[in-house]
Amino acid sequence: MSAHADTHAHDDDHGHHHKETFVTKYIFSQDHKMIAKQYLITGTIMGVIGVLMSMMMRMQIAWPEEPNVLFEALLGKWAPDGVMDADIYLALVTIHGTIMVFFVLTAGLSGTFSNLLIPLQIGARDMASGFLNMVSYWLFFLSSVIMVISLFVEAGPAAAGWTIYPPLSALPLAQGGSGMGMTLWLVSMAIFIASSLLGSLNYIVTVINLRTKGMSMTRLPLTIWTFFITAVIGVISFPVLLSAALLLIMDRSFGTSFFLSDIFIQGEVLHYQGGSPVLFEHLFWFLGHPEVYIVILPAMGLVSEILASNSRKPIFGYRAMIASILAIAFLSTIVWGHHMFISGMNPFLGSVFTFTTLLIAIPSAVKAFNWITTLWKGNLQMNPAMLFSIGFVSTFITGGLTGIILGDSALDINVHDTYFVVAHFHLVMGISALYGMFAGIYHWYPRMFGRMLNKNLGYIHFWVTAVCAYGVFFPMHFIGMAGLPRRYYTNSNFPLFDDLANVNVIITIFALIGGVVQIIYLYNFFSSIFYGKKSVQNPWKSTTLEWTAPVEHMHGNWPGEIPHVYRWPYDYSKPGHDSDFVPQNIPLKDGEEELQH
Amino acid sequence: MTALLTIIVLVFILVATWQMVKIFDLAQAKNESATPGVATDKDNSVNGYLMMGFLAFIYVITIVSFVKWGDLPLMSNSASEHGPTIDSLMVITMIVIFVVQTITQFLLHYFAYKYKGEKGKKALFFADNNKLEAIWTIIPVIVLAGLIIYGLNTWINIMGVDESDDPLIVELYAQQFNWKARYGGADNTLGKANVRLIDIDRANILGLDEADPNAQDDIITTELHLPVGRPVLFKMRSQDVLHSAYMPHFRAQMNCVPGMITQFGFTPTVTTVEMRETAQMQEKVTRINKIRVEKSKKLLAKNEEALERYEFDYLLLCNKICGKSHYNMQMKIVVETQEEYDAWIAEQKEFKNSLVN
């Protein structure tokens, strides 16, 4: 009784409406699957830039005095004789952060998988608005181009940190990068936010309206739940960053004083009066904190799905998982102040934010335990996607736990803005989200390209990356606890930290290996598009609807009728069935109970 | 050069792996009956073992980190009255984290090894268990409640400033890229100031109100001296961009924000001299000097100047990105006895006498 029994019954005319040209198929495509691939490839290119930057930073930190041929080649005038300039170091810090957080882990991750999976997993022909979807991608592309162009302006790219706190970001007098570089950064981000909002609204509308018959909210795969809630958080918080960016543009270009007051710089008093940089911090982090959940929630969704499928077991505690997604989403909007404990904000507010922040540990703990229990007594299929998912749970726990230290205002005093923070957020949202993204790519690659990735390359990719990720970020906690501030171009002016130099060398070596090994992945990814082994329709034997669609992409996703849904998405190894998975479109047998979890 | 060599070596390793995978693929191609690209029982087994290996790796890197770098002078050698309360909260939190980390990583990787897939085996259909979920909701709630209460108590004690202690009032003034300290003088009261009043020609570099009687005896210095045992209340100001006054040894940090005055108070308890004499610090300084001697040898070989011998001093560091020379924005802090402090402050010029007419 397959879903396709009826597909040949009548000739579906979907897909024959449009005469497709190269331009409408590959460039200005309105098909969600093509847009997903566009997001992924753009995100990959940005990711390569971001990772290269981090490798240069690591080399600078480990060998600060030494000329470096790579610097000379890649940084040009910013590295005279191969010695990196201090300004460009801060620019690397800034652009690396911006690119990785927004362009790779927001657009590249959420954009790719929301677009690919929402219509396919809820049983829809496409997104609610294919046109808006196309516009959303092209705005993202435009913002990427502007961000890359900003790297080449005369006075240097934005260099005030990805948080672009004014006055540093507002005053070209304070820093070369705060001139044209910052203007382009702000323009790029404004366009990015527009893109993200169009995407999010589309996802929300699609999930609410276009679910196929039988696909109730409690039969949605967890991936869809996380994409849906992520989009909601995005719609709530991104406009606040947009307003902050607009006000900052006003301060910079039109002489207003929203964020600036009483400034004396380079021998002159500026006219600004009455504004407050702390206001900017509030506005920034009102997005900035939810942003890390915008990054991590989709990864959680992908991982939940992959863990269940590869364990051949239902995800443990489906409803608790949904509840914890909702709890995390709600809490994420009221914890932003934990980035500001020592900003000069009233200490009482600090207490409130400590309280709400530590509460987030509860739904996070529930999720982690549920994932671990999902593995228990499973029949684990160790595909590369599964390895990355297990790796995700591991780094999410390691990184998440140190959040208990940073979220505690009293402890934050001493580790705020040290390498401890860098280690924490890279593990919990950087590496974890990246693992989620890799897991998703390995798992849904056959769905995207109709071919399989080479699994042996996948294994090497995972194991080397996993060792390097811990090798980089685990020791980093310790140099942070020893008091080493982040964003220092070199530590050689502080003999106090001389004994940490060797740790930095170790970290850098792991970082270089970890960075270079991504070439294996890139090779695997791009060569498999053309030369990968042909995929079967449902290679992982999963239950969700996307695997009932034909391997060859077509407009409208399914020939004939859209499959109906009769059960939840996690009927793996259900007693009473011969097969160890029962797809969602298979009707219940006589007397079979649909478990209400 | 080292970096380039490293990269070249890495690329070679990469190429080698590549070739090996190709051989591996070819060898496997013959007996692969399953769907291409999907894990076989052998893959499950190999990766299952590797998971256990990885668990060992996590434990090893944890132990090595603690043994090699766990001697954290900034966690156990605080020099302020509230320092030990932060440190003990830190230690308790670390123990909680350590226990949870060790157990959960074990379960995760052990399950990945233990339940590795085999053809024909069927997994347990286990979708829900309210009791279990209640347990792992309630336990974190209890633990976190404890940490929250403890943490908030500590925080409120630190941030609450008790003016009745008659704290020494010191202004920390930040600018790109250095620090100044301003003392209230005999009346321990800071004169009014605003950056609009800065007059470089008259050497009024901090913008003090020359008409304010409280400002006349203010003292501006480039080193921060503090008498041991007396509460200090810092008033932070910045003239240009955000800075952060980070005094790690005192477990103290507060941002300096243009347009507003922020504050942070603590009581130093260990003088610089006493700190230098602690065994832990001496060991650290010896270690650092050994490293510096090695480095100096290399520098001398290149006809460059050797590094100076390091001697411990408390430091005030800038810890908020503030521009090009952010990495070198520091001020020495000297904690000394009341007498030494009095002698030092008496040598400094009062504001009214420092002006150029």
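Residues numbered from 1 in each chain as written. Chains lettered and ligands numbered in written order. Predicted model: local features only at pLDDT ≥ 70, side-chain atom pairs only at ≥ 80, totals over all residues.

This part covers the overall build of chain A. Helix and strand counts for chain A stand at 18 helices and two strands. For chain A, whose C-alpha radius of gyration is 24 Å, the value lies close to the compact-globule estimate of 25 Å for 597 residues. Reported as C-alpha extents along the three principal axes, the dimensions of chain A are approximately 80 × 50 × 50 Å. Counting across all 597 residues of chain A, residues that qualify as buried make up 66%. Taking the intrachain contacts of chain A between residues at least 6 apart in sequence as the baseline, contacts between residues at least 24 apart amount to 80%. (Helix = DSSP H or I, 4+ residues; strand = E, 2+ residues; numbered from the N terminus. Rg over C-alpha atoms; globule rule 2.2 N^0.38 Å. Buried ≥ 20, exposed ≤ 12 C-beta atoms within 10 Å, placed from the backbone. Contact = placed C-beta atoms within 7 Å.)

When helices and strands are counted, chain B shows nine helices and 10 strands. Computed over C-alpha atoms, the radius of gyration of chain B comes to 29 Å, more than 25% over the 21 Å expected from 2.2 N^0.38 for 357 residues, which places it beyond the range of a compact globule. C-alpha extents for chain B along the principal axes are approximately 95 × 65 × 45 Å. Taking all 357 residues of chain B together, 36% fall into the buried category.

Before going further, it helps to examine the confidence of the model for chain B. Within chain B, residue pLDDT values average 90, and 96% of them lie at 70 or more. Interface confidence for the predicted complex, given as ipTM, is 0.93, next to a pTM of 0.93. (pLDDT = per-residue confidence, 0-100.)

Residue and element names in this part refer to chain B. Assignment of secondary structure puts Glu223 in the loop between strand 3 (219–221) and strand 4 (224–227). With 107 residues separating them in the primary sequence, Glu223 and Gln330 have C-alpha atoms 9.8 Å apart. Aside from chain neighbours lying at most four places away, what touches Glu223 is Met331, Lys332 and Val334.

The strands making up a sheet associate through backbone hydrogen bonding, with each pair oriented either parallel or antiparallel. Residues and elements named next belong to chain B. Here we have five strands laid out as an open sheet, ordered 3-2-1-5-8, and mixed in their pairing. Of all the strands in the sheet, the pair left with one neighbour each is strand 3 and strand 8 (262–266). Sheet twist, expressed as the average angle between the axes of neighbouring strands with direction ignored, equals 25°. Pairing geometry for strand 2 (residues 178–183) and strand 3, over three bridges, is antiparallel. Within the sheet, the bridge partner assigned to Tyr183 lies in strand 3 and is Ile219. (Pairing = 2+ DSSP bridges. Axes fitted to C-alpha atoms, helices over the stretch in contact; angles between N-to-C directions.)

Geometry of a packed helix pair, given as the angle between the helix axes and the separation of the axes. Residue and element names in this part refer to chain A. Two numbers describe how helix 4 (residues 86–122) lies on helix 15 (residues 419–449): the axes approach to 11 Å, and their chain directions differ by 35°. In the crossing of helix 4 with helix 15, the sense of the turn from one axis to the other is left-handed. For the pair helix 4 and helix 15, contact is made by Met100, Leu105, Gly108, Leu109, Phe113 and Leu116 and by Gly430, Ala433, Gly436, Met437, Gly440, Trp444, Arg447 and Met448, respectively. Broken down by class, the residue content of the contact of helix 4 with helix 15 amounts to nine nonpolar, four polar and one charged. (Left-handed = near helix turned anticlockwise from the far one by under 90°. Nonpolar A, V, L, I, M, F, W, Y, C, P; charged D, E, K, R; others polar.)

Here the focus is helix 8 (residues 277–311) of chain A. Residues and elements named next belong to chain A. Over its 35 residues, helix 8 extends 50 Å from the first C-alpha to the last, a length consistent with the 51 Å expected when each residue adds 1.5 Å. For helix 8, the principal kink sits at Trp285 and spans about 30°. Where burial is concerned, most of helix 8 is hidden: 31 out of the 35 residues are buried. Positive backbone phi, approximately 55°, marks Arg312, located one or two places after helix 8. (Expected span 1.5 Å × (residues − 1). Bend = angle between axes of the 7 residues up to and from the residue.)

With 30 residues, helix 5 (residues 130–159) of chain B ought to run about 44 Å at 1.5 Å a step, and its terminal C-alpha atoms sit 42 Å apart, in line with that. The complete set of buried residues in helix 5 of chain B reads Glu133, Pro140, Leu144, Leu147, Ile148, Gly151, Thr154, Trp155, Ile158 and Met159 of chain B. In this structure, the buried side of helix 5 of chain B is in contact with helix 9 (318–332), helix 10 (347–359), helix 11 (361–375), helix 13 (403–406) and helix 14 (409–415) of chain A together with helix 4 (83–114) of chain B.

On to the packing of helix 8 of chain A against helix 11 of chain A, then. Residue and element names in this part refer to chain A. Put simply, helix 8 and helix 11 touch, their axes get as near as 9 Å, and they point 20° apart. Considering the angle they form, helix 8 stands roughly parallel to helix 11. Every pair of crossing elements has a handedness; the one defined by helix 8 and helix 11 is left-handed. Between helix 8, through Met300, Leu307, Ala308 and Ser311, and helix 11, the contact on the second element is made entirely by Lys367, Trp371, Thr374 and Leu375. For the contact of helix 8 with helix 11, the class distribution of residues is five nonpolar, two polar and one charged. (Parallel < 35°, antiparallel > 145°, perpendicular 65-115°, else oblique.)

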